[in-house]
Amino acid sequence: MATLELRGLNKTFDDGTQAVRDVDLTVADGELSVIVGPSGCGKTTLLRMVAGLEEVTAGDVVVDGNRINDVRVDRRDIAMAFQHHALYPHMTVAENIGFPLHVDRVHQTVIERRVADTARDLRLEEVLDRRPAQLSGGQRQRTGLARSIIRHPRLLLMDEPMSNLDTKLRTSLRSQLLAIQRRVGSTTVYVTHDQVEAMTLGDRVAVMRAGRVVQCGSPIEIYRRPVDTYVAQFMGSPPMNLLDAVVEGGADGWVLRIGRHRMSIDDVAGRWPGLDQLVDRRVVVGIRPEAFQRAPHGEFELSVRYHEHVGAAQWVHALIGGRVIRVAEALSAEPAD
């Protein structure tokens, strides 16, 4: 299919707003790479520059080693799925899906087969004869997604294509989309604000903030080794708890003092070179909600405020040292007091 490289990419709008700042990113051939971040971080602008819908202020968009900044949109062999799909109202679903192949002058027999296959993948078989006005919002969005996928482009760009779907359908469609991408093999860049989508879909994930890529890596790498507190809290549900602490070291080993609580960190101290330089200094400690375990004589004593039941688990909201934290706990455990 294709490799994609973004080299020092920048975008500054006419009003002086710098939406994208010095982005370097590589997407391997056949990879599904996810760009995740909050609204306004520049992820959609980045995608539009790759597609050729936004002019690049500085830097290069390189596909298979060739700079394509000045290549016309219709000659890039790039398909883009949008959050809001503009379907042709006078065409049926089948005609909408197959339209890009008609433009490419593909034989009608091939078009019919590809439309049937794509519709089956996205569960649109029963509405192929309907027009957009007769569809639900979710069906319209899946039709637009099918129209983007059917061409099997060398590069597929997706800008929050499932954001208008309900939770159940979105969960189902994620697995279908992943299966389609693996079968077709198109190099794919998927933009979302949903960290769950990022973690479940991406071969690699790029986390953006204020126009920059803060961290890029595999989903598990970003989850386990976030580069800063922004990534730590953005990637995870519930988000990571951040607590102020003081490092203590001595004959009794390494300890973190959090309020009136003291927690031994001897078993992990080896992972932190230069820990001795942090003695008696304030640090920020990140603890994932699922890392807490009940113990009759644990190192933390929590003051529980309330809990939320979320299926097979509950989120316990508690106080420690005057700070509210969240604890993820399986419901098979004893209910919190």
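One can find the structure itself at the top, above this paragraph.
Everything numeric here is computed off the predicted structure, so don't read it as measured data.

Chemist: Any chance you could explain the nonpolar core here in plain terms?
Modeler: Counting 38 residues, the largest nonpolar core has Ile-97, Met-158, Tyr-190, Val-205, Val-207 and Met-235 as the members making the most contacts within it. Per-element tally for this core: the top contributor is helix H5 (residues 167–184), with four residues. Filtering out sequence-adjacent residues up to four positions away, Met-235 remains in contact with Val-36, Gln-195, Ala-198, Met-199, Val-205, Val-207, Ile-222, Tyr-223 and Arg-288. The next biggest cluster of nonpolar side chains, apart from the first, holds 28 residues, and it includes Ala-2, Leu-6, Ala-19 and Leu-46.

Chemist: Looking at this model, I keep getting lost on the pairing of strand E10 (residues 212–217). Mind explaining?
Modeler: The side chains of a regular strand alternate, residue by residue, between the two faces of the sheet. Here strand E9 (residues 204–209) pairs with E10 via five bridges, running antiparallel. From the neighbouring strand, Met-208 faces E10, where its bridge partner is Val-213. Hairpin connection, E9 to E10: the antiparallel pair is bridged by two residues, and Ala-210 has positive phi, about 50°.

Chemist: For this particular structure, what's the right way to read the pattern of salt bridges?
Modeler: Pairing between side chains becomes possible if they bear opposite charge and their charged atoms approach one another. Scanning the entire structure with this criterion turns up 19 salt bridges. The partner of Arg-209 in a salt bridge is Asp-228, with the nearest N and O atoms 3.5 Å apart. Remark: Asp-228 occurs in the loop between helix H7 (219–224) and helix H8 (229–234) and Arg-209 occurs in strand E9; sequence separation between them is 19 residues. What makes Arg-209 partly exposed here is its relative accessible area of 37%. Asp-228 sits in the partly exposed class, given a relative accessible area of 24%. Note that Asp-244 is salt-bridged to Arg-323, the shortest N-O span being 3.9 Å. With a gap of 79 residues between them, Asp-244 in strand E11 (residues 241–248) and Arg-323 in strand E17 (residues 323–330) connect regions that are remote in the sequence. With relative accessibility at 37%, the residue Arg-323 sits in the partly exposed group. Overlapping salt bridges bring together Lys-11, Arg-48 and Glu-54 as one network.

What counts as what
- Residues numbered from 1 in each chain as written.
- Predicted model: local features only at pLDDT ≥ 70, side-chain atom pairs only at ≥ 80, totals over all residues.
- Heavy atoms only, no water.
- Core = buried A, V, L, I, M, F, W, Y, C linked by side-chain atoms within 4.5 Å.
- Buried < 20%, exposed > 50% of the residue type's maximum accessible area, 1.4 Å probe, protein only.
- Helix = DSSP H or I, 4+ residues; strand = E, 2+ residues; numbered from the N terminus.
- Contact = heavy atoms within 4.5 Å.
- Pairing = 2+ DSSP bridges.
- Salt bridge = Lys/Arg side-chain N within 4 Å of Asp/Glu carboxyl O.

Spatial relationships are all this shows, so hold off on functional conclusions.
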